[in-house]
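# Tertiary structure, described
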Amino acid sequence: MNPGHMGRPRLFRNLADLSADLADLSADLADAAQTVLSPNDEVRRIFVVPPQEFPSWAKYRYGPGHALIFTDAGVIHVQTAARGQPAQARVVPTAAVHYVQVGLLLLYGRLEIGYAVEGRAQQVALEFNTVGWDLLQPGLMDLLRDVNIVSPPVETQASAISAAVIERLPYKFANGVKIYILAPGERLLGLVFQPGIWTRRLLIFRRQVTPPIVLALTDRCVSLIEEEPSVGASHSYGWTFTLIPRRGVTGMRSEPTPLGRLISIELLVEGAVATRELELTAEVAATWEAQWRSHGGEWRVEASKTAQ
């Protein structure tokens, strides 16, 4: 049954009775969750997204029902399947998390969690109505907090940078850092901002080469805020936040591009390798490199692939 366009997500808290919590789910989601949920797991919260339809150009696109079950051991993702098929469940242990990425565009939200399983990098993805973001964010922040408790990053005595550095960012991005990036007690150690870069064609048409980007380094995470690309003269109303626990970052490398430098953030968690890439101007890349190196990070400079 489809309850309508962009259905409102719901949150179920642990009622000290696991059967009561799962009973709030649809039968197929509850059955799938029960097959992977350990009796010893403490259920902290259950975030539920009903089946719904998402706007997609000239028509609506169907989205299945989902649930995220946050426990003291990680998070369980369950999703309704095709008609006549059982729901699917996947377990993301705390220690296996590579990154958490959230995209927000008006009422449309998308969550992606990268994680390791049997030495391979995998992802779980969930689409949701952004009116439910305030219900989802605390569970994600608790998950990242637990990641750094289970496998803490390297200790650093470096001082946090001044809050005035954040306030010098454009207002939208200053709020993004304070609201979406920094958890309570988290120290900001480095910060760079790259404005959007545009080119012109025939002196009339504009094309965005890269959107505005913020890179932040804390004592817990390497984080990115990327605005959704703009088209022509239109404004961008969406952005994407990526939070990467520092304990999984093995190093960074850069190579030249026409814009400046391509930065690759190299990740290794439980034998699974992953890479996050972004393109920066040479000036911004040099500033970021200096900040990363000053806090003990490894950095490699490579020649252009086209020159090899």
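Figured I'd write up the structure that's included with this text. (Residues numbered from 1 in each chain as written. Predicted model: local features only at pLDDT ≥ 70, side-chain atom pairs only at ≥ 80, totals over all residues. Heavy atoms only, no water.)

Turning our eyes to something else, we now look at the environment of Glu277. Looking at the element boundaries, Glu277 is found in strand β19 (residues 272–281). For Glu277, a relative accessible area of 46% translates into the label partly exposed. When neighbours within four sequence positions are excluded, Glu277 is seen to be in contact with Arg253, Leu262, Ile263 and Ser264. (Helix = DSSP H or I, 4+ residues; strand = E, 2+ residues; numbered from the N terminus. Buried < 20%, exposed > 50% of the residue type's maximum accessible area, 1.4 Å probe, protein only. Contact = heavy atoms within 4.5 Å.)

When you tally the buried positions in strand β2 (residues 43–49), you get 6 out of 7 residues, the bulk of the element. Note that β2 and strand β5 (residues 66–71) share 6 bridges and pair antiparallel. Across the sheet, the residue bridging to Val49 is His66, located in β5. (Pairing = 2+ DSSP bridges.)

Attention now moves to unusual backbone geometry. The phi dihedral of Glu118 falls on the positive side, at around 55°, and the residue is not glycine. With respect to the helices and strands, Glu118 occurs in the loop between β9 (108–117) and β10 (120–129). Of the residues examined, Glu118 reaches a relative accessible area of 74% and is grouped as exposed. Positive phi outside glycine occurs at Glu270, with the angle close to 50°. Of note, Glu270 is situated in the loop between β18 (260–269) and β19.

Let us look at the side chain of Gln137. By secondary structure assignment, the location of Gln137 is in helix α3 (residues 133–150). With a relative accessible area of 15%, Gln137 lands in the buried category. Residue contacts for Gln137: discarding those within four places in its chain leaves Ile179 and Tyr180.

Right, let's get into the environment of Ala282. Mapped onto the fold, Ala282 is located in helix α6 (residues 282–294). Sequence separation of Ala282 and Pro258 is 24 residues, and the distance between their C-alpha atoms is 9.8 Å. Here Ala282 is in contact with Leu259, Gly260 and Arg261, once residues within four sequence places are set aside.

Sheet analysis places β9 next to β10, joined by 10 bridges and oriented antiparallel. Directly across from Gly109, in β10, lies its bridge partner Phe128. A loop of 2 residues connects β9 with β10, the two strands running antiparallel in sequence, and Glu118 in this loop sits at a positive phi of about 55°.

Moving on, we get to the packing of aromatic side chains. A full pass over the atoms with the stated rule returns 7 aromatic pairs. Ring centres 5.8 Å apart and planes at 75° place the aromatic pair Tyr180 and Trp239 in the edge-to-face group. Of the two residues, Tyr180 is situated in helix α5 (residues 171–181) and Trp239 in strand β16 (residues 238–245); the sequence distance between them amounts to 59 residues. Each member of the pair, Tyr180 as well as Trp239, carries the same accessibility label: buried. Three or more aromatic residues joined by ring pairs make a cluster, and in this case those are Trp133, Phe173, Tyr180, Phe193, Trp239 and Phe241. Cation over ring: Lys172 sits above Trp239, and NZ or CZ is 4.9 Å from the ring centre. The ring of Tyr99 carries the charged tip of Arg276 above its face, separated from the ring centre by 4.5 Å. (Phe/Tyr/Trp six-rings, centres within 6.5 Å; stacked < 30°, edge-to-face > 60°. Lys NZ or Arg CZ within 6 Å of the ring centre and 35° of its normal.)

Tracing the sequence through the fold places His77 in strand β6 (residues 74–79). Note on His77: relative accessible area 5%, which makes it buried. Of note is the side chain of His77, whose polar atom sits 2.9 Å from the side chain of His66. Beyond its immediate stretch of four places on either side in the chain, His77 contacts His66, Ala67, Leu68, Gln88, Ala89, Arg90, Val124, Ala125 and Leu126. (Polar contact = N/O pair within 3.5 Å; in protein donor to acceptor, adjacent residues only side chain to side chain.)

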